[in-house]
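Listed below are the residues making up each chain.
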Amino acid sequence: MEHFDYSKSSVDGLQASSRRIVVVGGGLAGALEGLFLAKRLGSSYEIKIYEKREDPRLHWGESGRSINLALSTRGLTALDKVGLSKEVLSVGVPMYGRGIHHSNGRFEIQPYGFSQKGEFLTSISRHVLNCILLNACERAGVVLCFKKACSSIDLSNNILYFEESEVPALNPTTDTIEPQVSWDFASSKLLESDIQRTSDVSYNINMVKADVIIGADGVFSRVRQILENYTKSKFNYNQVYLPTCYKELTISPSPSGSYAMYPNCLHIWPRGHFMLIALPNSDGSFTCTLFMDEDGCPVSFKNIETNEQLLNLFTCYFNDVIPLIPDLVKQYFQSPISFLLYTQCEPYHFENRIVLIGDAAHAIVPFYGQGCNLAFEDCRILDELIELHSGNWCDVLKHFSQSRKSNADVIARLALENYMEMAQKTSSRLFLLKRRIQITLSEWFPNAFPSLYRLVSFTNVPYRDAVSLVEKGNSVFRKYLICSLCLTTLASVYGIKCLWRTN
Ligand SMILES: Cc1cc2nc3c(=O)[nH]c(=O)nc-3n(C[C@H](O)[C@H](O)[C@H](O)COP(=O)(O)OP(=O)(O)OC[C@H]3O[C@@H](n4cnc5c(N)ncnc54)[C@H](O)[C@@H]3O)c2cc1C
């Protein structure tokens with residue numbers, strides 16, 4: 001805010017006091033972005049968040065996808081910048097490593113890194129995190145509007161249209177209800193005749209003008225769809241569904257309120273092409289996620305249709321879990337099957353006035369635990385760019401798009417690859433040995449042998465740079481190994497020759 005230069009702002013015809021930034025989506029990325037904006041630009045812009053759901057602070061209903069998630073350094077760094085990391089850490093549960101439940105019943109902990117150096121993940125309820133962010137937004141002066149779903153945007157005038165999610169319960173004396181309008185999605189133009197049509201209102205639409213629009217409306221982003229329709233060939237979009245799906249189950253706290261398993265790790269039951277994981281919640285429970293193919297494999301959701309099939313599956317592969325979930329059958333058949341997908345698009349921005357962040361720009365699969373961390377990092381980087389370019393939105397958004405796209409693509413690939421590591425390799429002794437060597441080498445020679453997992457999870461090194469650093473380290477390691485092998489061979493040959501001669 002201190003560095004903001006109004007003269008460079010490309011918004012015409014508006015007084016400073018009437019400037020407005022609208023964030024579409026009040027989920028994790030949207031709420032954090034609103035907070036960053038309020039802190040940096042709050043005195044020159046009105047910051048509004050429009051969220052299609054009800055205020056989560058009033059309802060414990062549907063919480064989104066997973067009930068809890070793992071935060072790591074990137075997410076916490078962003079939260080720290082807005083002064084929230086301590087509060088979030090205080091309600092989370094630290095996880096110092098992976099707790100592997102082997103098929104033979106053996107349990108072992110594989111540390112993530114060095115816990116004394118802060119190298120641990122924090123398991124936190126998505127709902128609680130969202131509420132903390134929304135409370136902070138309100139304190140910072142962000143205007144929060146719930147039950148307002150963005151249905152369209154007039155891109156030539158930057159006017160957003162919000163549908164009431166339910167038939168409105170608005171107070172006519174304080175709230176403005178716009179007449180019903182219809183939208184020509186193909187050409188993304190408001191039909192003027194419709195604006196005149198004030199009668200027979202079947203639902204209500206609020207119109208809001210904004211100088212800058214932040215699309216933080218998640219994986220099925222409406223803002224992204226509108227951009228795609230409008231910019232057509234200049235916008236690339238790709239969406240891929242995985243054959244792997246998931247169901248969530250809960251391990252309740254024991255009657256005394258304590259955890260039924262060791263709480264400070266991310267539990268994994270790796271079983272090759274399917275796995276079960278469990279993250280601790282601060283109330284003593286665990287949220288388990290069962291990842292399996294929807295169809296096509298002997299062990300798949302399609303093949304678990306009866307109580308007997310379910311109990312067979314758990315007896316064969318997750319036997320130690322059965323006593324921990326007494327109502328397993330009920331939970332399993334009540335929990336919906338959720339799909340996993342990743343999306344990629346380009347560019348993330350439109351001119352100097354619209355930008356996509358979080359899952360709206362780049363949804364990734366959850367196997368590296370980085371989706372939310374990536375989204376929070378988006379907010380921090382966007383804030384840094386606003387400062388760097390003194391609020392020149394054209395430069396801010398262009399640079400944001402360029403730098404975030406290449407990094408998001410890298411973590412999207414790593415997240416896909418990590419499924420195999422979690423589901424298969426964590427149970428392999430060879431993998432374990434390699435990982436122990438890697439951790440030790442990266443501790444002794446952090447520059448020569450950086451560990452990818454540590455760079456991704458416990459630093460803010462851009463994902464792209466993390467991969468190149470590791471590749472460089474690996475090639476140095478390989479050269480070092482080859483040189484040592486050659487030297488050892490030469491020394492052995494020479495030794496044998498000397499022995500031969502003396503004999
Ligand atoms: C099973 C699973 C486990 C995961 N685990 C982790 C993890 O351990 N660590 C991690 O970092 N990430 C994890 N993730 C990823 C993480 O959940 C997402 O990356 C993160 O939620 C993205 O936040 P977001 O705000 O961009 O999107 P969302 O959280 O989806 O929020 C989007 C918001 O926009 C609102 N909205 C949608 N459309 C509109 C509209 N038209 N108008 C107004 N509002 C709208 C929605 O109601 C929602 O509140 C996991 C994901 C899954 C599926």
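See the structure printed just above.
Here we summarise the structure given alongside this text. Computed from a prediction, not measured in an experiment: that's the story for all the values here. (Residues numbered from 1 in each chain as written. Predicted model: local features only at pLDDT ≥ 70, side-chain atom pairs only at ≥ 80, totals over all residues. Heavy atoms only, no water.)

### A short note on the nonpolar core
- Residues L71, L79, L129, F376 and W393 are the most contacted members of the largest nonpolar core, which totals 105 residues.
- Of the residues forming this core, the biggest block, 12 residues, is contributed by helix 10 (residues 393-423).
- Those residues in contact with L79 that sit more than four places away from it in its chain are L32, L71, L84, S85, V88, L129, L133 and F376.
- Among the nonpolar cores identified, the runner-up in size contains 23 residues, and L249, M292, V299 and F301 belong to it. (Core = buried A, V, L, I, M, F, W, Y, C linked by side-chain atoms within 4.5 Å. Buried < 20%, exposed > 50% of the residue type's maximum accessible area, 1.4 Å probe, protein only. Helix = DSSP H or I, 4+ residues; strand = E, 2+ residues; numbered from the N terminus. Contact = heavy atoms within 4.5 Å.)

### A closer look at the sheet that holds strand 20 (residues 349-350)
- The strand order across the open sheet formed by 6 strands is 8-2-1-14-21-20, and the pairing between neighbours is mixed. Strands at the two margins of the open sheet, each flanked by one partner only, are strand 8 (143-145) and strand 20.
- Taken together, the 3 bridges between strand 14 (residues 212-215) and strand 21 (residues 354-356) define a ladder with parallel strand orientation. By the bridge assignment for strand 21, I214 is matched with V355. (Pairing = 2+ DSSP bridges.)

### Here's the deal with the packing of helix 1 (residues 28-41) against helix 4 (residues 126-139)
- Packing of helix 1 against helix 4 leaves a shortest axis separation of 9 Å and a crossing angle of 25 degrees. On the basis of their axis angle, the class for helix 1 and helix 4 is roughly parallel. Here helix 1 runs over helix 4; the crossing is left-handed. Residue-level inspection shows L28, A31, L32, G34 and L35 of helix 1 in contact with helix 4, the latter providing R126, L129, N130, L133, L134, A136 and C137.
- Of the residues assigned to the contact of helix 1 with helix 4, the class counts are 9 nonpolar, 2 polar and 1 charged. (Axes fitted to C-alpha atoms, helices over the stretch in contact; angles between N-to-C directions. Parallel < 35°, antiparallel > 145°, perpendicular 65-115°, else oblique. Left-handed = near helix turned anticlockwise from the far one by under 90°. Nonpolar A, V, L, I, M, F, W, Y, C, P; charged D, E, K, R; others polar.)

### Brief notes about the pattern of salt bridges
- Enumeration over the complete set of coordinates arrives at 17 salt bridges.
- The salt bridge involving E351 is made with R353; its shortest N-O contact spans 2.7 Å.
- Relative accessible area serves as the criterion here: at 15%, R353 is assigned to the buried category.
- Note that E377 and R380 form a salt bridge whose closest N and O atoms lie 3.6 Å from each other. In this pair, E377 and R380 both sit in helix 9 (residues 371-388), 3 residues apart, roughly one turn of the helix. With respect to class, E377 is no different from R380; both count as buried.
- Among the charged side chains, a network of salt bridges with common partners joins R74, E377, D378, R380, E384 and R404. (Salt bridge = Lys/Arg side-chain N within 4 Å of Asp/Glu carboxyl O.)

### Overview of the pairing of strand 16 (residues 266-270)
- Along strand 16, 5 of the 5 residues are buried, which leaves the element largely enclosed by surrounding structure.
- Across the two faces of strand 16 the burial is the same, with L266, I268 and P270 and H267 and W269 all buried.
- Strand direction decides the pairing type here: strand 5 (residues 97-101) and strand 16, joined by 3 bridges, are parallel. Paired with G99 across the two strands is H267, which belongs to strand 16.
- Here strand 16 runs beside strand 17 (residues 275-280); their pairing, made up of 4 bridges, is antiparallel. The residue bridging W269 from the neighbouring strand is L276, located in strand 17.
- Where strand 16 folds back on strand 17, the antiparallel hairpin that results is connected by 4 residues, among which G272 adopts a positive phi of roughly 85 degrees.

### Some points on the packing of helix 2 (residues 73-81) against helix 9
- Taken N-terminus to C-terminus, the directions of helix 2 and helix 9 make an angle of 45 degrees; their axes are 7 Å apart at the nearest point. When the axes of helix 2 and helix 9 are compared, the pair comes out oblique. Regarding helix 2 and helix 9, the two cross each other, and that crossing is left-handed. Residues R74, G75, T77, A78, L79 and K81 of helix 2 form the contact with helix 9, whose own contacting residues are N373, F376, E377, R380 and E384.
- Along the lines of polarity and charge, the residues of the contact of helix 2 with helix 9 split into 3 nonpolar, 3 polar and 5 charged.

### Remarks on unusual backbone geometry
- Following E346, the chain continues into P347 via a peptide bond in cis, with omega recorded as -5 degrees.
- Tracing the chain through its elements places P347 in the loop between strand 19 (338-346) and strand 20.
- The phi torsion at K147 lies on the positive side, around 55 degrees, for a residue other than glycine.
- Position of K147 relative to the elements: it lies in the loop between strand 8 and strand 9 (148-154).
- Exposure remark for K147: the relative accessible area of 26% places this residue in the partly exposed category.
- We note that K232 has phi near 45 degrees; this positive angle belongs to a residue other than glycine.
- Within the fold, K232 resides in the loop between helix 6 (222-231) and strand 15 (236-251).

### What to know about helix 11 (residues 429-444)
- The first and last C-alpha atoms of helix 11 sit 23 Å apart over 16 residues, in line with the 22 Å expected at 1.5 Å per residue.
- Buried within helix 11 we find F431, L432, R435, I439, L441 and S442. (Expected span 1.5 Å × (residues − 1).)

### A closer look at the packing of aromatic side chains
- With the rule as written, the count across this model stands at 19 aromatic pairs.
- Arranged with centres 5.5 Å apart and planes meeting at 65 degrees, the rings of Y259 and F286 form a pair that is edge-to-face. Here F286 lies in strand 18 (residues 286-293) and Y259 lies in the loop between strand 15 and strand 16, a separation of 27 residues in the sequence.
- In this structure Y259 comes out as partly exposed when scored by relative accessible area, which is 25%.
- Where Y453 meets F458, the ring centres are 6.1 Å apart and the plane angle is 70 degrees; that geometry is what we call edge-to-face.
- Note on Y453: relative accessible area 8%, which makes it buried.
- Accessibility expressed as a relative area gives 9% for F458, which makes it buried. (Phe/Tyr/Trp six-rings, centres within 6.5 Å; stacked < 30°, edge-to-face > 60°.)

### Re the environment of L58
- Looking at the secondary structure, you find L58 in the loop between strand 2 (46-50) and strand 3 (68-71).
- Remark: the alpha-carbon pair of L58 and C131, spanning 73 residues in sequence, is separated by 9.5 Å.

### Let's talk about the environment of N130
- Examined against the element boundaries, N130 turns out to sit in helix 4.
- By relative accessible area, which is 13% here, N130 ends up buried.
- As a C-alpha pair, N130 and R57 span 73 residues in sequence and 8.5 Å in three-dimensional space.
- Ignoring sequence-local partners within four residues, the contact set of N130 consists of G26, G27, L28, A31 and P56.

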